[in-house]
Amino acid sequence: MMTVWVFYITAAMLGAVLGSFLNVVIHRGPTMWNLIDAPDRGNLVSPRSACPACGAKISIAHLIPLLSYAMLGGKCAACGARISLRYPLVELMGAAAGVVALLLFGLTAQAGLALIFFLFLIALGAIDLETGYLPDALTLPLIGLGLAANAFAQFTPIAGALLGAVIGYGAFRLIDMAFTRLRGVEGLGQGDAKLLAALGAWLGWAALAPVVFLAALLGLAGAGAAALGGAKLERETPVAFGPALAAAGALAMIARGLRLPFFF
Ligand SMILES: [Zn+2]
């Protein structure tokens, strides 16, 4: 009984550490990949993390995931500027992803792959929330990884994965073209089409319809919550559908692990 807990605690710690790396990806990726017009924030290995407000280097002790945020009370040790709640949230989601992957798939290659899948979705959702973009630098590798995993039938047979990638991309491009026609504005981005292609590559074509349906519900709920929070939504407001799609993809993977119907 003891040994089981050791595995779960290790999975949570591994997930939190990887989540802490995701925070670097989320912060630096947008300037690294030229998605936004902002001063360069460095690459994924250097320079060492610094406070965005005062530039003070973060000490090694304060790089411990979750714990450091709690110890610092959510403020920079040097200047007292508030640290975005996104940092501990992403670390917490990373820890949860590690535990969920282990719960669903045990000590298997599938668990490791599911963790990678969850981590990509967390990064994509957060970057889309902050910039409005789903970078190719993440969506395209995610498509490749899904196809590679399913070349060994890890989550679905390879034929279903290939069909999933093609149908996922095609369906979204069609919806996008219809949207553009109807409203004269871009409704959904290319990035959404590539993310849906990735979800199809990982989960197979049959999961696409329930995933899109779930994402639409989550997107509406998110827009409703934002409106309640005082955000002004207009017809032309571009909808960041990516976070909802990423969340739906993660839920579909959980449903797959639990062998629930509709997601096969
Ligand atoms: Zn500071």
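Refer to the structure printed above.
We now turn to the structure provided with this report. (Residues numbered from 1 in each chain as written. Predicted model: local features only at pLDDT ≥ 70, side-chain atom pairs only at ≥ 80, totals over all residues. Heavy atoms only, no water.)

## Re the layout of surface pockets
Put simply, the second largest pocket is a space of about 820 Å³. Along the walls of the second largest pocket sit 35 residues, with Ser49, Ala50, Cys51, Ile58 and Tyr87 positioned nearest its centre. Considering every element that reaches the lining of the second largest pocket, the biggest residue donor is helix H1 (residues 2–32), with 5 residues. Within the lining of the second largest pocket, the residues separate by chemical class into 20 nonpolar, 8 polar and 7 charged. (1 Å grid on protein atoms, 1.4 Å probe; cavity = no way out; pocket = protein on both sides within 12 Å on 5 of 7 lines; lining within 4 Å. Points joined across faces, edges and corners; volume = space filled by probe spheres on them. Helix = DSSP H or I, 4+ residues; strand = E, 2+ residues; numbered from the N terminus. Nonpolar A, V, L, I, M, F, W, Y, C, P; charged D, E, K, R; others polar.)

## Considerations on the coordination of the zinc ion
Protein coordination of the zinc ion is provided by Cys51 (SG), Cys54 (SG), Cys76 (SG) and Cys79 (SG), with donor distances spanning 2.3 to 2.4 Å. Donor residues for the zinc ion sit on one chain with the sequence pattern C-x2-C-x21-C-x2-C. A relative accessible area of 38% means that Cys54 is categorised as partly exposed. (Donors = N, O, S within 2.8 Å, 3.2 Å for Na, K, Ca; no water. Buried < 20%, exposed > 50% of the residue type's maximum accessible area, 1.4 Å probe, protein only.)

## So, the environment of Gly160
Tracing the backbone shows Gly160 in helix H6 (residues 158–183). Look at Gly160 and you get buried, because its relative accessible area is 12%. Separated by 41 residues in the primary sequence, Gly160 and Ala201 place their C-alpha atoms 7.8 Å from one another. Those residues in contact with Gly160 that lie beyond four places of it in its chain are Gly200, Gly204 and Trp205. (Contact = heavy atoms within 4.5 Å.)

Geometric values such as these leave the question of function open.
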